[in-house]
Amino acid sequence: MRPKVEVADEAIKPGVFVADDFSPETARLRGARCPRCQEVFFPARQACPRCHTRDDMQEVALARTGRIGAITAVVRPPQHYPAPYWLAEVELPEGVRVVAQVEAAIDQPVPVGAAVELTTRPLLARPNGQWLWGYVFAPVGGQP
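Below: a short report on this structure. Along every chain, residues carry numbers that run from 1 in the direction the sequence is written. Local features in a predicted model are, by the rule used here, given only for residues with pLDDT of at least 70; side-chain atom pairs are given and counted only at 80 or more, and totals for whole chains, interfaces and linings are based on all residues. As a rule here, side-chain values cover all heavy atoms of the structure and leave hydrogens and water aside.

For the rest of this paragraph, the subject is the environment of Asp55. The numbering of helices and of strands both runs from the N terminus, where a helix is a DSSP run of H or I of at least 4 residues and a strand a run of E of at least 2. By the element assignment, Asp55 lies in the loop between strand S3 (40-41) and strand S4 (58-61). Only protein chains enter the area calculation, which uses a 1.4 Å probe; residues under 20% of their type maximum are buried, those over 50% are exposed, and those in between are partly exposed. Taking relative accessible area as the criterion, Asp55 reaches 37% and is therefore assigned partly exposed. Considering only alpha carbons, one finds Asp55 and Val75, 20 residues apart in sequence, at a separation of 42 Å. Setting aside residues no more than four positions away along its own chain, Asp55 makes contact with Pro35, Arg36 and Gln46. Residues count as neighbours in contact if any of their non-hydrogen atoms are within 4.5 Å of one another.

This is the structure:
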């Protein structure tokens, strides 16, 4: 069961979400589009790494669905993550590739090309009870 989202909760990294909406059903990742070359990036950037323009980058709400481009099992994660878990490169329709965990049992491999959708979950709790929320992807329809 997921903890209730409190007003004081925060994103694991400031600016990663379009709004401070950590609802698994509505949260969106915040990207940036270059006004000169139209390349889209995640996370959002102040300058375009492709054409090097410093013109005002345009905020973009990225699609909530994508496809697995590559995936691997992580069996020795950092200390605060439960082991093991799936880590994937998710290709979004905007051309952005996002590296994120995939919610699937470790004995249920998610194939390359599988459709996934964005969801959120609390990743870490601070001593004051505040949750830090992060993004993960889950197979569409809950099936790998």
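Now that the structure has been shown, we can carry on.
Within the secondary structure layout, Val60 lies in strand S4. Sequence spacing of Val60 and Gly31 is 29 residues, and the spatial spacing of their C-alpha atoms is 4.9 Å. Excluding anything up to four places from it in sequence, Val60 contacts Leu29, Arg30, Gly31, Ala32 and Arg33.

The next subject is the pairing of strand S5 (residues 65-74). Two strands qualify as a pair provided that DSSP identifies no fewer than 2 bridges between them. Pairing geometry for S5 and strand S8 (residues 115-125), over three bridges, is antiparallel. Looking at S8, one finds that Arg67 is bridged to Ala115. Bridge count for S5 against strand S6 (residues 85-91) is seven bridges, and the pairing is antiparallel. Bridged to Ile71 within S6 is Ala88.

Quick look at the nonpolar core now. For this analysis, a nonpolar core means a set of buried residues of the types Ala, Val, Leu, Ile, Met, Phe, Trp, Tyr and Cys, connected via side-chain atoms within 4.5 Å. By size, the foremost hydrophobic cluster in this structure holds 26 residues, and its most contacted members are Leu29, Val98, Tyr135 and Phe137. Listed by contribution, the elements that provide at least two residues to this core are S6, strand S7 (97-102), S8 and strand S9 (131-139). Not counting chain neighbours up to four residues away, the residues in contact with Phe137 comprise Leu29, Arg64, Val90, Leu92, Val98, Ala100, Gln101, Val102, Glu103, Val116, Glu117 and Leu118. Grouped together as the second largest cluster of nonpolar side chains are five residues, Ala32, Cys34, Phe41 and Cys48 included.

Below, the discussion takes up the packing of aromatic side chains. Stacked, tilted and edge-to-face pairs are distinguished by plane angle, under 30 degrees for stacked and over 60 for edge-to-face with tilted covering the rest, among Phe, Tyr and Trp rings (Trp via its six-membered ring) whose centres lie within 6.5 Å. Under the defined criterion, the tally for this structure stands at three aromatic pairs. Ring centres 5.9 Å apart and planes at 10 degrees place the aromatic pair Phe22 and Trp133 in the stacked group. Within this pair, whereas Phe22 is found in the loop between strand S1 (10-11) and strand S2 (30-33), its partner Trp133 is found in strand S9, the two being separated by 111 residues in sequence. The exposure class assigned to Phe22 is buried, which follows from its relative accessible area of 2%. Of the residues examined, Trp133 reaches a relative accessible area of 1% and is grouped as buried. Three or more aromatic residues joined by ring pairs make a cluster, and in this case those are Phe17, Phe22 and Trp133.

Keep in mind these numbers describe shape, not what the thing actually does.
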